Amino acid sequence: MSYSPSSSVVAARKALAERLEDVLKASGITGRELSARCGWHPSKTSRLLSGQAAPTDADIRAWCRACGADDQAEALITASRAIESMYVEWRRMERAGLRPAQEAVYSLYERTRMFRVYASRVIPGMLQTRAYTTAVLQAVQRARVTVDGVEAAVDARMERQRMLFSGTRTFALVVEESVLRGSVCDTDAMAGQLGHLITISTLGNVSFGVIPLQHGRSRSPAEDFYMFDDAQTSVELVSGHLRLTQPHEVAMYAQTFTELSRMAVYGANARAVITAAIDALG
């Protein structure tokens, strides 16, 4: 099952447009009449019905009022706001520096009891050593953050990692073997990082799997994503951060995680793959 994270927002907007269309059909009036009652051009109605335009709260209230369905306005507004909050651009998250972006998710981590994480690009943040995290965040800072705060951001991420050892949470993590062989940091830092993964994989509350490099796999790699219980999935994109809270979308990622997990090796077999990656460092 292939899935594009950026299409999630588009699909959600189309689903909202379908709900607006249902309200219109139930009213028995035409789109042209609705436009006249709302006081806007018919082309705006067409854009809203196609999902090409995102309705404002005022648009939704006017739509429902014109259709005699004022009682449905608040539910539609809630759905609309959820869609618009799904996607947060990195530059907005990080405009005050890297540390605030790290601290912004702390409460979410605090209330989560079951983490499911898949990584195809870099080692998940909660498993990173200080040296590896520093290399990753320095690259981020160079690429898109004007306010320097790498050291403080690293401190924040390290503080969050204590949850691994709290004993009150479970962690299921799956990474592609290519992540273990990526050149994110220098050789010494990478060796230390891989050794740390071996240690973490022995924790009783951690399930750590590696999907070996292989041909004929049952599904292609996906984008990096984090699941927080069954409440939210966060997807990391090049241009932004996608937050999914709609149950059907969270369920889609849960199914994807299950499929990817079945392809992974665990325990001694996973540690053998990690050891091979260490040996390959030379």
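Predicted model, so just to flag it, every value in this text is computed and none were measured.

### A look at empty space enclosed by the protein
So, point 1. Counted according to the given criterion, the structure contains three cavities of 30 Å³ or more.
So, point 2. What lines the largest cavity is Tyr109, Phe115, Gly125, Met126, Arg157, Arg160, Gln161, Met163, Leu164 and Phe171.
So, point 3. Residues belonging to the lining of the largest cavity are distributed by class as follows: six nonpolar, two polar and two charged.

### Section: the packing of helix H2 (residues 31-38) against helix H4 (residues 57-66)
So, point 1. The geometry of H2 relative to H4 is characterised by a closest axis approach of 9 Å and an angle of 115 degrees between their N-to-C directions. As for the relative orientation of H2 and H4, their crossing is right-handed in sense. When H2 is examined against H4, the residues Leu34, Arg37 and Cys38 are found in contact with a partner set consisting of Ala62, Trp63 and Ala66.
So, point 2. Partitioned by chemical class, the residues of the contact of H2 with H4 number five nonpolar, no polar and one charged.

### Thoughts on the pattern of salt bridges
A side chain with one charge can pair with a side chain of the opposite charge if their charged atoms come near.
So, point 1. Overall, the coordinates contain eleven salt bridges when judged by the stated rule.
So, point 2. A salt bridge links Glu177 to Arg181, with the shortest nitrogen-to-oxygen separation between them at 3.1 Å.
So, point 3. Judged by relative accessible area, which is 10%, Glu177 ranks as buried.
So, point 4. Note that Arg219 and Glu259 form a salt bridge whose closest N and O atoms lie 3.4 Å from each other. With Arg219 in the loop between strand S4 (206-211) and strand S5 (225-228) and Glu259 in helix H13 (residues 247-262), this pair connects stretches of sequence that are 40 residues apart.
So, point 5. Sharing partners across several salt bridges, the network here consists of Glu110, Glu159 and Arg162.

### Concerning the confidence of the model for the protein
So, point 1. Confidence along the protein averages 85 in pLDDT terms, with 85% of residues attaining 70 or more.
So, point 2. The lowest-confidence element of the protein is helix H6 (residues 90-93), averaging 56 in pLDDT; the highest-confidence one is strand S3 (residues 170-176), averaging 97.
So, point 3. Low confidence marks residues 1-5, where pLDDT is under 50. Its contacts with residues over four positions away, or in another chain, come to 15 contacts.

### So, the pairing of S5
So, point 1. Side-chain alternation along S5 places Phe225 and Met227 on one buried face and Tyr226 and Phe228 on a second face that is also buried.
So, point 2. Pairing geometry for S5 and strand S6 (residues 232-236), over four bridges, is antiparallel. Bridging across to S6, Phe225 finds its partner in Val235.
So, point 3. In textbook terms, the turn of a hairpin is the stretch between consecutive antiparallel strands, and for S5 and S6 this stretch comprises three residues, one of which, Asp229, has a positive phi near 50 degrees.

### Quick look at the nonpolar core
So, point 1. With 33 residues, the main nonpolar core has Met126, Leu127, Phe171, Leu173, Leu180, Leu197 and Phe208 as its most contacted residues.
So, point 2. Tallying contributions element by element places helix H12 (residues 187-200) first for this core, with five residues.
So, point 3. Every residue in contact with Phe171, bar those within four places of it in the chain, is listed here: Phe115, Met126, Met163, Leu164, Asn205, Val206 and Ser207.
So, point 4. Listed in part, the 22 residues of the second largest apolar core include Val23, Leu24, Ile29 and Ile60.

Criteria and cut-off values
- Residues numbered from 1 in each chain as written.
- Predicted model: local features only at pLDDT ≥ 70, side-chain atom pairs only at ≥ 80, totals over all residues.
- Heavy atoms only, no water.
- 1 Å grid on protein atoms, 1.4 Å probe; cavity = no way out; pocket = protein on both sides within 12 Å on 5 of 7 lines; lining within 4 Å.
- Points joined across faces, edges and corners; volume = space filled by probe spheres on them.
- Nonpolar A, V, L, I, M, F, W, Y, C, P; charged D, E, K, R; others polar.
- Axes fitted to C-alpha atoms, helices over the stretch in contact; angles between N-to-C directions.
- Helix = DSSP H or I, 4+ residues; strand = E, 2+ residues; numbered from the N terminus.
- Left-handed = near helix turned anticlockwise from the far one by under 90°.
- Contact = heavy atoms within 4.5 Å.
- Salt bridge = Lys/Arg side-chain N within 4 Å of Asp/Glu carboxyl O.
- Buried < 20%, exposed > 50% of the residue type's maximum accessible area, 1.4 Å probe, protein only.
- pLDDT = per-residue confidence, 0-100.
- Pairing = 2+ DSSP bridges.
- Core = buried A, V, L, I, M, F, W, Y, C linked by side-chain atoms within 4.5 Å.

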